[in-house]
Amino acid sequence: MHASSRFRQAIAERQQAQLYRQSALIEQYQGRLLQLAGRSYLNFSGNDYLGLAQSTEVTAALADGALRFGCGSSGSPVLTGFHYAHQALTDEMRDWLQMDDVLLLSSGFSANQLLLHTLPAAQDHLLLDKLCHASLIDAALTAPCSYSRFVHQDYVALGNKLSDQANAWVVTEGVFSMDGDSPDWSRLTELCHQHQAGLILDDAHGLGQCGEQGRGSWADAGVAPQQISALMANFGKALGGQGAFVAGSQLLIDYLRQFGRHYVYSTAMSPAMCWAMRTAVQVCRREQWRRDKLAEHIALFRALARQADLPLLPSATAIQPVLVGDTNKALVLSEQLKQQGIWLAAIRPPTVPRHGARLRVTLSAQHEAKDIQQLINVLRSLW
Ligand SMILES: Cc1ncc(COP(=O)(O)O)c(C=O)c1O
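Residues numbered from 1 in each chain as written. Predicted model: local features only at pLDDT ≥ 70, side-chain atom pairs only at ≥ 80, totals over all residues. Heavy atoms only, no water.

The name an unreviewed UniProt entry gives the protein is Aminotransferase class I/II-fold pyridoxal phosphate-dependent enzyme, with Rheinheimera marina as the organism. Check the Cofactor (unreviewed entry) section of the UniProt entry for the protein; it says "pyridoxal 5'-phosphate". (UniProt positions renumbered as here; feature names shortened; annotations may be inferred.)

Structure representation (structure tokens):
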């Protein structure tokens, strides 16, 4: 079949299955509010958990960084792409995370390819939690070694698989992006220790919102930096910017700097963005009130949702999915919410398992209590 007819058919099938995706054109972003087609909506679908995307301190640093260092980095970090701003951000991150060294990358997606393609040897085995993000699954599919997945947070299954595999790397998220839950850290780290397996952690959704100074979900649970082989997170969620990093021991980062093709053969992060992210990290560390406010909103949402009998998942984080199941029903609910001024996207397969469609509520420090009350009132009336 010619490629264009294959494309047309695949798109038509997607439309028929109610899975066709489209970008909504945001005319104005104001954190808790979005403006689209001239209408304002309460926003419960973003990842700007601390409200840093619009913090005046962070946006001023972006402008200042662009004037001082330029918009683009001009090259690979091993050629002319590593500037003063990259070093400044790296130093801030090392101090914050208490890890030896940090490697900056242009996206979390590519950071995960880098990790799963560069760290394992051919005889190694990758063990992924079944609910790991698409960027980890795609990386595992094309990794230089074998991989398998274990049932989400099933540590008996993980232990059995580890008993069968020498040289394993366990791959997990710190806060799962579609469920909002976290691993049982003591069981996970104990199993990795017992089987001498490496631990690769994607903390994209834990960074900033969890732990002292927002170090992340692992730090919140008392896991020491040395218990994690490679920590990855991106700047596009709680830090309100773009780009990503990998942190770990000096040896591990040196190895990735030498052999990580996604690092060497890719244009380095924008220096202006690095300058902004350095400020975002400083604000995140300093302004505990943002995490306190977020925690208040999570507690309020869960209390009101329970009173309204909404089917919640066991999440203690800013990600609070309301499980719907049926894809069509989730789409209808999302549309009805929209009509009532609430922007809450339906998450459908293949992003979530079949029959696992949901309204993925995300809360932010920027919300106000009345926003959450309004969301629950509307959900209750529609349910
Ligand atoms: C858990 C997780 N890992 C990785 C990524 C990819 O990061 P980026 O958006 O920076 O490519 C995302 C989503 O953005 C994510 O949710």
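Picking up where we left off.
**Q** Any details on the site of the ligand? Residues and values, ideally.
**A** Surveying the vicinity of the ligand reveals 13 residues, the closest of which are G108, F109, D202, H205 and K237. One nitrogen or oxygen atom from the side chain of D202 is found 2.6 Å from a nitrogen atom belonging to the ligand. Residue N234 places a side-chain N or O atom 2.9 Å away from an oxygen atom belonging to the ligand. Considering the ligand on its own, with 380 Å² of exposed area, one finds that the protein chains cover 82% of that surface. When each cavity is represented as a set of grid points, the ligand is found to reside in the largest pocket. No other element matches helix α4 (residues 108–118), which puts three residues into the shell around the ligand. Residue classes in the shell around the ligand are distributed as two nonpolar, eight polar and three charged. (Near = heavy atom within 4 Å. Polar contact = N/O pair within 3.5 Å; in protein donor to acceptor, adjacent residues only side chain to side chain. Areas by Shrake-Rupley, 256 points an atom, 1.4 Å probe, with all protein chains shown as cover. 1 Å grid on protein atoms, 1.4 Å probe; cavity = no way out; pocket = protein on both sides within 12 Å on 5 of 7 lines; lining within 4 Å. Sits in = over half its atoms within 2 Å of the grid points. Helix = DSSP H or I, 4+ residues; strand = E, 2+ residues; numbered from the N terminus. Nonpolar A, V, L, I, M, F, W, Y, C, P; charged D, E, K, R; others polar.)

**Q** Which residues make up the sheet that holds strand β6 (residues 146–150), and what values do they have?
**A** Within the open sheet, the seven strands sit side by side as β4-β10-β9-β8-β7-β5-β6. Their pairing is mixed. A single partner strand is all that each edge strand has here, and the edge strands are β4 (101–105) and β6. Ignoring which end each strand starts from, the neighbouring axes of this sheet average 20° apart. Here helix α9 (residues 250–259) sits on the sheet and contacts β4, β9 (230–234) and β10 (244–248); the angle it forms with β4, its principal contact strand, is near 30°. (Pairing = 2+ DSSP bridges. Axes fitted to C-alpha atoms, helices over the stretch in contact; angles between N-to-C directions. Contact = heavy atoms within 4.5 Å.)

**Q** Can you tell me about the side chain of D181, naming the residues and giving the values?
**A** Looking at the element boundaries, D181 is found in the loop between β7 (168–173) and α7 (185–194). Among buried charged residues, D181 stands out as having no salt bridge; its nearest opposite-charge side chain is R358, 7.8 Å away. A polar side-chain atom of D181 sits 2.7 Å from a polar atom in the side chain of H152. With near-sequence residues (within four places) excluded, D181 lies in contact with H152, Q153, G174, V175, F176, P314 and S315. (Buried < 20%, exposed > 50% of the residue type's maximum accessible area, 1.4 Å probe, protein only. Lys, Arg positive; Asp, Glu negative; His and termini not counted. Salt bridge = Lys/Arg side-chain N within 4 Å of Asp/Glu carboxyl O.)

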